[in-house]
Amino acid sequence: MPQLNYIQAINQAIEEEMARDPLTFLMGEDVVLSAFGATKGLINKFGATRVRNTPIAEAGFVGAAVGAAMAGTRPICEVEFASFFYCAFDQVCNQAAKLRYMSGGQALMPITFRCVYGAMGGAAAQHSETVYAQFLSVPGLKLVVPSGPADMKGLLKSAIRDDNPVIVFEHGGLGRLKEEVPGGDYLVPLGKASIKRAGKNVTAVAIGAMVSKTLKVAEKLAKEGISVEVIDPRTLIPLDEEAILSSVEKTNRAVIIDEGHLRGGAAADLAAIIAEKGFDYLDAPVKRVTALDVPIPFSPPLEKAAIPDEARIEAAIRETVGR
Amino acid sequence: MPQLNYIQAINQAIEEEMARDPLTFLMGEDVVLSAFGATKGLINKFGATRVRNTPIAEAGFVGAAVGAAMAGTRPICEVEFASFFYCAFDQVCNQAAKLRYMSGGQALMPITFRCVYGAMGGAAAQHSETVYAQFLSVPGLKLVVPSGPADMKGLLKSAIRDDNPVIVFEHGGLGRLKEEVPGGDYLVPLGKASIKRAGKNVTAVAIGAMVSKTLKVAEKLAKEGISVEVIDPRTLIPLDEEAILSSVEKTNRAVIIDEGHLRGGAAADLAAIIAEKGFDYLDAPVKRVTALDVPIPFSPPLEKAAIPDEARIEAAIRETVGR
Amino acid sequence: MDIGKDLLLQMYRSMQRIRQFESRVRDLAMANEVPGFVHVSIGEEASAVGICAALRKTDRITSTHRGHGHLLAKGGGLKPMMAEIFGKRTGYCKGKGGSMHIVDFSLGILGANGIVGAGLPIATGSALAAVIAGRDDVTACFFGDGASNEGTFHESLNLAAVWKLPVVFVCENNGFGEFTPMATVTSVKDIAVRAQAYDIPGHIVDGNDVLEVYRYASEAVARARSGQGPTLLECKTYRWEGHVVGEQAFLGEGAYRETAEIEAWKKRCPILRFEKFVLEGGKITHGELEKIVTETQADLEEAVAFARSSALPDPSEVTDDVFA
Amino acid sequence: MDIGKDLLLQMYRSMQRIRQFESRVRDLAMANEVPGFVHVSIGEEASAVGICAALRKTDRITSTHRGHGHLLAKGGGLKPMMAEIFGKRTGYCKGKGGSMHIVDFSLGILGANGIVGAGLPIATGSALAAVIAGRDDVTACFFGDGASNEGTFHESLNLAAVWKLPVVFVCENNGFGEFTPMATVTSVKDIAVRAQAYDIPGHIVDGNDVLEVYRYASEAVARARSGQGPTLLECKTYRWEGHVVGEQAFLGEGAYRETAEIEAWKKRCPILRFEKFVLEGGKITHGELEKIVTETQADLEEAVAFARSSALPDPSEVTDDVFA
Ligand SMILES: Cc1ncc(C[n+]2csc(CCOP(=O)(O)OP(=O)(O)O)c2C)c(N)n1
Ligand SMILES: Cc1ncc(C[n+]2csc(CCOP(=O)(O)OP(=O)(O)O)c2C)c(N)n1
Ligand SMILES: [Mg+2]
Ligand SMILES: [Mg+2]
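As the structure is a prediction and not an experimental result, all values here were calculated from the model.

## Here's the deal with the site of ligand 2
Part 1 of the argument: In the region of ligand 2, 22 residues are neighbours, and Glu58 of chain A together with His65, Gly114, Gly146 and Phe176 of chain D sit closest.
Part 2 of the argument: Looking at what sits near ligand 2, you find residues from chains A and D.
Part 3 of the argument: Residue Gly114 of chain D places a main-chain N or O atom 2.7 Å away from a nitrogen atom belonging to ligand 2.
Part 4 of the argument: One of the side-chain N or O atoms of Glu178 of chain D is found 3.3 Å from a nitrogen atom in ligand 2.
Part 5 of the argument: Protein coverage of the free-state accessible area of ligand 2, which is 580 Å², stands at 96%.
Part 6 of the argument: Looking at the shell around ligand 2 residue by residue, the class counts come to 7 nonpolar, 8 polar and 7 charged.

## Thoughts on the interface of chain B and chain D
Part 1 of the argument: Of the residues lining the interface, 43 residues belong to chain B; the matching set on chain D comes to 35 residues.
Part 2 of the argument: Between chain B and chain D lies a buried interface of about 3100 Å² when both sides are counted; carbon and sulfur atoms form 68% of it.
Part 3 of the argument: The largest contributions to the chain B side of the interface with chain D come from Tyr101, Met102 and Gln106 of chain B, which together make up 22% of the buried area.
Part 4 of the argument: Applying the counting rule to chain B against chain D returns 1 salt bridge.
Part 5 of the argument: A salt bridge links Asp321 of chain D to Arg100 of chain B; the shortest N-O distance between them is 3.9 Å.
Part 6 of the argument: Our count for the chain B to chain D interface comes out at 12 residue pairs in polar contact (both at pLDDT 80 or more).
Part 7 of the argument: Elements represented by at least two residues in the side of chain B that touches chain D include exactly β2 (24-28), β3 (51-53), α3 (58-70), α4 (89-96) and α5 (99-102) of chain B.
Part 8 of the argument: Counting residues per element, the side of chain B that touches chain D draws most heavily on α3 of chain B, at 10 residues.
Part 9 of the argument: Looking at side-chain class alone, the side of chain B that touches chain D contains 21 nonpolar, 16 polar and 6 charged residues.

## Side note on helix α11 (residues 270-280) of chain C
Residue and element names in this part refer to chain C.
Part 1 of the argument: Every buried residue belonging to α11 is among Pro270, Ile271, Phe274, Glu275 and Val278, and all of these are buried. The buried residues of α11 occupy an angular sector of 135° when projected down its axis, which confines them to one face.
Part 2 of the argument: Where α11 is buried, its residues contact α1 (5-30), α2 (45-53), α8 (210-225) and α12 (286-309).
Part 3 of the argument: Once α11 finishes, Gly282 follows within two positions and takes phi at roughly 65°, a positive value.

## Quick word on the relation of the copies chain A and chain B
Part 1 of the argument: Each copy superposes on the other: chain A lies on chain B with an RMSD of 0.0 Å after a rotation of 180° and an axial shift of 0.0 Å. On this basis, the relationship between the two copies can be described by a two-fold rotation axis.
Part 2 of the argument: The overlap is high: 100% of the interface residues of chain A also sit at the interface in chain B, so the same surface is used on both sides.

Procedures and definitions
Residues numbered from 1 in each chain as written. Chains lettered and ligands numbered in written order. Predicted model: local features only at pLDDT ≥ 70, side-chain atom pairs only at ≥ 80, totals over all residues. Heavy atoms only, no water. Near = heavy atom within 4 Å. Polar contact = N/O pair within 3.5 Å; in protein donor to acceptor, adjacent residues only side chain to side chain. Areas by Shrake-Rupley, 256 points an atom, 1.4 Å probe, with all protein chains shown as cover. Nonpolar A, V, L, I, M, F, W, Y, C, P; charged D, E, K, R; others polar. Contact = heavy atoms within 4.5 Å. Buried area = accessible area lost by both parts, 1.4 Å probe. Salt bridge = Lys/Arg side-chain N within 4 Å of Asp/Glu carboxyl O. Helix = DSSP H or I, 4+ residues; strand = E, 2+ residues; numbered from the N terminus. Buried < 20%, exposed > 50% of the residue type's maximum accessible area, 1.4 Å probe, protein only. Arc of directions from axis to C-beta. Least-squares fit on C-alpha atoms with pLDDT ≥ 70 in both.

So this is what it looks like as structure tokens:
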């Protein structure tokens, strides 16, 4: 199998899906040259009608994606950085998410939104947020947070084929992460978690870029006989509750690792579910390892202190196992 | 003490604070005539310079409130309905919330945002959201959800005097709710929960409009000897964790009642905190009574089915106490 | 441009449907027979009808919170519309949308919208879809003078202009956004002027003259269909009723405009003007108009009866249609 | 308008500070000595300097992601700026903001901003604050051609116009938003035309002629200060460097513009033009200019040394300053 990095996996998934369906098209700021490379070269294959640089006008072009989807096409809409969604929040939360329901099921909304999220080294507060937590409480959206190239390809292809608005979150720090990625029609269904490492002492639910960090910690702790099961939900909506709960049923302990914030974050959402539905399994409180509740700072030592690192993940797992 | 309704309490709080500080001013859509009445008559007392009808341009005038606050004034900025914040999300989440931190503490951001939220009978999905859950994971904001007239006055006055961005959520269904409201300088501090009813069998943490519904249920259950302690956090940020946790320590059971959604909502946030820090107190899982995870529908029977009613609150409390 | 008799009769029927429908909905709302916020467009019938008369069935429209007229003009059915406003299962949206969110995809009605300015990007995207799909369908976008101050107006007109999209932007300038006079929150007297900021045609249109609206609309639609891009039409009109039905209860009478102003505009009633025109021109007889009025009354009665007798949705339906 | 020698010298020093500072920051970023995204404004010095020369200390500015020049022109210190860009505790924002978020309240610098178009409403509100406080301070708002397509541009100019706020909107049109040529995403050739959509003055200004910028700025500032409302100035200019330092690494050379185009603009260098003007006019001697150049070089060396030798923030500071 060919080795692809995270960005190449995105590029391949989009190319395959655009080749597959002529009503699929790509729009966003600088998607032609593509700063991060995810859409590089697609203009040559699909031309200027289907690969469109937009003005810097997020509400306008995200809203246009909504209209284009309702009118029968299948937009892939890139919002460079996740926090730029704030400039188009109405279009996502009040329009894309709600119009199908409000129209009594008449509207199809096959939009795939793509964005780069997370701390990537000195990008500072307005370019380092995770943002997906703020979409969690908006019924009608699907949220995808791939942790590696293979999942990225399979999940992104499923997202593009989905008839609902799906937001795919690409971590800015994972670009060069390489792994074997199946060629051709490789689909990962939305709503299936992935057990990245089996274990029996504690369940570590890790999201996005936190998966690789957590696997390193699990590796280390294994040497001491602490067996960590690392679960990647892969999609936050729909959520594979069953996979998470049955792991907790086995381990009786859970730690959530998320780069989002503590208050109101995705970790709180998952912890609440485990604490309610897994109450009888739990021998220890569900710990959360998250970003501190501060805007993500610019200076490297501050940024490092703000977001979860292996030391904090390890400490939380040890504390949970120790109880 | 005079009886005031929820709307009159808002009006009085704003009038008192505007009289107190000449740098305080009011802006928003139709604040002069005031559809809901909260700002009625203020134009006559403070004039057109300090009471301003804005264009329908949420990003523009919310952002202007941010600039006005940084430049030394104290705006009270009304965003008619909470979901219209989606049109100004960048100004709230990337600017108001972050600029103090990003500037290393140089910026003061004394803005009070006011909005009407919640289901009020056939307003449908775009006018019935609670929205505060989406601000919970934005460090730098304070969130206030008053459940009645007296708290409204005292909390709103504290919000206006606060040097940080504070969003005050006014439930559209509580307008006519009347109670005794202390005149003059009545301040309720941000970050202090209120025990609306003492009890010993279960802690019911209720937010905003859910408080009165929960009190009715508590009243009813009391007759059967089920003693419910009803706690109103009053402010979600800052949160009075201590009040909530010490109640749970006493009752060993907790139910969260919130009009927001289940996934990613404020109830999940509170449940995660209780389940983690109160783990050793709990004899039963923390139940959440919330809106269903659907856009709030228009038709009355559907709206009623979507949001928490007394029957669902009662059932959840019984189930929790029964374990 | 000569307008045939059939089209004239169709326009008249369409205006009658709107006038009668809106008047009835207003009364039903005042009587609390329908829930929620209701915004009616009495007095503004000519712009909705003049624009939609220039569209074909596969063309699309986006509408606003004050959308009943637009929807009816594009062919919306009295029964499913009335039923939706009543919140009944037989409504266009199965009771989930209500007055502000009526949609009929089969007629190219992408929907009323509760968010001011939200329709502009959606209409722009609908026009983009036509280009992507290689079809020559046009999208007409209705919005108000107040919406023209929203950022989505700017972003949409710029996007539609640079991509030469087949969309017609129709600003219905009724002089107010809620209770705020347009002049106090808008930096230009004529919204049409703003077309210059996008290098597209902008025209001031008498929004109470259905034939003038139709002529400008036909030109703009032809332009769009032939790939020459968007046009901004400003239809000057006036709403006879309050912003929202029942506002007098909390604002009192005459809180923000003079009765004299309302009366003056009523003299410019689009329906009376049309009647005068066709009768004087001898194009249409009084009897033909009468027939349309009475037929419409009958249809409306049927629609109300249908809505009243329809069942409310079952609570169990609340979770349907969140996802496809 | 006759411009005195002191002011001319001050303008020259200001342009030199920017040119040298930006060049140095570019090199430091290329050498990975500073973290994060760095956007420099080499070639655009005249607009920053010409505008700020027309402001007084209590006046305020808002800036952009490409803000070093604006901040320096308003009086920002080389040391705390450089230290901030290095992420040091001695920086303006204690290392929390970085290149895109430098603020100096004491100088009326409300801040660079990482969000395109975010400065426009903030500047409008800053101008509103002056009105509320009964002061005659003016706010200048810098933004790019790309930002002029954001909804915040529209909403801010309309709001400032209807309220006649003391703000000057300065569009620095350098022909590109990131790697996208302005013409491909903007419906007008001249952003200044958009002033017509708000019924305010709009002027096209040679953004590489600091004296012309200063003259237009002085007029606009006087207008604003006297309560006559906002002006839109479009300074036509060009950025010599990439959008972000280091872009060649992932785009390659000449990915979106011709070297010839860059060279042509370098011939119109604002600093060379200014030197030519003052020397030919005999207003200033070569020696006086030389002195400024070398003094600035020395100041800059000091600033770099200061930044390098300053301590990084302590991780414990991460939780400071979230709330007042
Ligand atoms: C984004 C947003 N802001 C505010 C409102 C509240 N609102 C509903 S209708 C309206 C006035 C709209 O005025 P205009 O666009 O002129 O349309 P008209 O009502 O006059 O037909 C306002 C402010 C809203 N629904 N959406
Ligand atoms: C809301 C938002 N959208 C997109 C971006 C990404 N971005 C940063 S700078 C830039 C180009 C801005 O162009 P312009 O306004 O002309 O300023 P210039 O860079 O040319 O000085 C873009 C798209 C952003 N920072 N914020
Ligand atoms: Mg209007
Ligand atoms: Mg530019």
